[in-house]
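Listed here are the chains, written in short residue letters.
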Amino acid sequence: MDKKLIIAVDGYSSCGKSTFARKIASELEYIFIDSGAMYRAVTLYALRNDLIDNGKIDIEGIISALPYIRIDFRFNTDKKLYETYLNNENVEEDIRGIEVSDYVSPLSQIREVRDKMVHLQREIGVFKGIVMDGRDIGTVVFPDADIKIFMTASPDIRAERRYNELREKGVEINYNDILENVNTRDLADSGRDLSPLRQAEDAYVLDNSNMTVDDQMDWFRNILQKYRDEN
């Protein structure tokens, strides 16, 4: 039996990291962890509890609330995927809205929030056999991950994918608003002082601008085989 691995999937927002990571986890029968969903869940909690008001984030209020924020992932047997739970409530759909997207990047820059999320993520990875996606998994959370992947795609294509995803869910949204959000988040994620988005030196780069999910999986299988041959 192959040894269990930690596979880190980092990259820009709306690159399809979660879809790709889920596919990998399903094929390998690993646990999939959407680290971005954890920050989105904290953001949703903040919005629901008036800790974000008129664009102003109550940093001290969020820090004080952290002990009362419980996040876990539970497997949905019908959908055959893991879903995000916030304080025992399934919030998988709620955390994907544009309002959460607008605030998740600045909220994730709060050191105490990031420290708690990184601690939880490392706890999940103790027994390996996981695929985790995010923006600093291969550089901060699991710098010794067995396989590191860094995903990218053009902003226009990422905005279009996000737009189509929301429209399919019945959300009425303007494409230009999505594109602006993508560009704003790129700047915020790459320029932040705390765990900025960056490519690990030993990561494999996947530009999926013109690739289907099947194409990406073929690419990953080649990477996995190379790892197995070398180890």
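Throughout what follows, the structure given in this document is the object of discussion. In this text the structure is predicted, and so the values were computed from the model without any measurement.

## A short note on the overall build of the chain
A tally of regular secondary structure across the chain gives nine helices and 10 strands. Relative to the compact-globule value of 17 Å for 231 residues, the chain shows a C-alpha radius of gyration of 17 Å, a close match. Dimensions of the chain, computed from the C-alpha atoms along their principal axes, are close to 55 × 40 × 35 Å. A total of 231 residues make up the chain; the buried ones form 50% of that total.

## So, the packing of aromatic side chains
By convention here, two paired aromatic rings are described through the distance between centres and the angle between planes. Under the criterion given, the structure shown has four aromatic pairs. Residues phenylalanine 20 and phenylalanine 220 carry aromatic rings whose centres are separated by 6.4 Å and whose planes lie at 85° to one another, so their mutual orientation is edge-to-face. Separated by 200 residues along the polypeptide, phenylalanine 20 in helix 1 (residues 17–28) and phenylalanine 220 in helix 9 (residues 213–230) bring together distant segments of the chain. Accessibility classification places phenylalanine 20 together with phenylalanine 220 in one group, the buried group. The residue whose ring lies beneath arginine 74 is tyrosine 85, and the NZ or CZ to ring-centre distance is 4.2 Å.

## Describing helix 8 (residues 175–191)
With 17 residues, helix 8 should reach 24 Å at 1.5 Å per residue; the first-to-last C-alpha distance of 24 Å fits that figure. The inward-facing, buried residues of helix 8 abut helix 2 (35–48), helix 4 (98–108) and helix 7 (155–168). Where helix 8 begins, the capping side chain belongs to asparagine 174, and its oxygen is found 2.7 Å from the backbone nitrogen of asparagine 176.

## Comments concerning the pattern of salt bridges
Counted by the stated rule, this structure contains 17 salt bridges. Across the pair glutamate 27 and arginine 221 runs a salt bridge, and its minimum N-O distance is 2.8 Å. Taken as a pair, glutamate 27 in helix 1 and arginine 221 in helix 9 lie far apart in primary sequence, 194 residues in all. Of the residues examined, glutamate 27 reaches a relative accessible area of 41% and is grouped as partly exposed. You can call arginine 221 partly exposed: its relative accessible area is 36%. One salt-bridge network, held together by shared partners, links Arg22, Asp34, Glu92 and Arg96.

## Some points on the sheet that holds strand 2 (residues 31–34)
The strand order 2-8-1-9-10 describes an open sheet built from five strands, whose pairing is parallel. Looking at strand neighbours, the two that pair on one side only are strand 2 and strand 10 (204–207), the edges of this open sheet. Here the strands of the sheet are splayed against their neighbours by 20° on average, with no regard to which way each runs. Summarising the sheet, strand 1 (residues 6–11) and strand 8 (residues 130–134) pair through five bridges and their orientation is parallel. Counterpart to aspartate 10 in the pairing with strand 8 is glycine 134.

## Remarks on the nonpolar core
Counting residues in each nonpolar core, the largest one holds 39 residues, and the members touching the most others are Ile62 and Val113. For this core, the elements supplying multiple residues, two or more each, are strand 1, helix 2, helix 3 (59–65), strand 5 (71–76), helix 4, helix 5 (111–124), strand 8 and helix 6 (137–141). When residues in this core are grouped by element, the largest group, nine residues, is from helix 2. Excluding its chain neighbours within four sequence positions, the residues that come into contact with valine 113 are Tyr39, Val42, Ile62, Leu66 and Leu107. Of all hydrophobic cores here, the second largest spans 22 residues; its members include Ile147, Ala153, Ile223 and Leu224.

## With respect to the sheet that holds strand 7 (residues 89–90)
Taken together, the three strands give an open sheet; going across it, the order is 5-6-7, and neighbouring strands pair in antiparallel fashion. A strand with exactly one partner marks an edge of an open sheet, and here the two such strands are strand 5 and strand 7. By the bridge criterion, two bridges tie strand 6 (residues 81–86) to strand 7 in an arrangement that is antiparallel. Within strand 7, the position partnered with tyrosine 85 by the bridge is asparagine 90.

Rules used in this analysis
Residues numbered from 1 in each chain as written. Predicted model: local features only at pLDDT ≥ 70, side-chain atom pairs only at ≥ 80, totals over all residues. Heavy atoms only, no water. Helix = DSSP H or I, 4+ residues; strand = E, 2+ residues; numbered from the N terminus. Rg over C-alpha atoms; globule rule 2.2 N^0.38 Å. Buried < 20%, exposed > 50% of the residue type's maximum accessible area, 1.4 Å probe, protein only. Phe/Tyr/Trp six-rings, centres within 6.5 Å; stacked < 30°, edge-to-face > 60°. Lys NZ or Arg CZ within 6 Å of the ring centre and 35° of its normal. Expected span 1.5 Å × (residues − 1). Contact = heavy atoms within 4.5 Å. Polar contact = N/O pair within 3.5 Å; in protein donor to acceptor, adjacent residues only side chain to side chain. Salt bridge = Lys/Arg side-chain N within 4 Å of Asp/Glu carboxyl O. Pairing = 2+ DSSP bridges. Axes fitted to C-alpha atoms, helices over the stretch in contact; angles between N-to-C directions. Core = buried A, V, L, I, M, F, W, Y, C linked by side-chain atoms within 4.5 Å.

Note that every value here comes from positions in space, so none of it alone points to a role or purpose.
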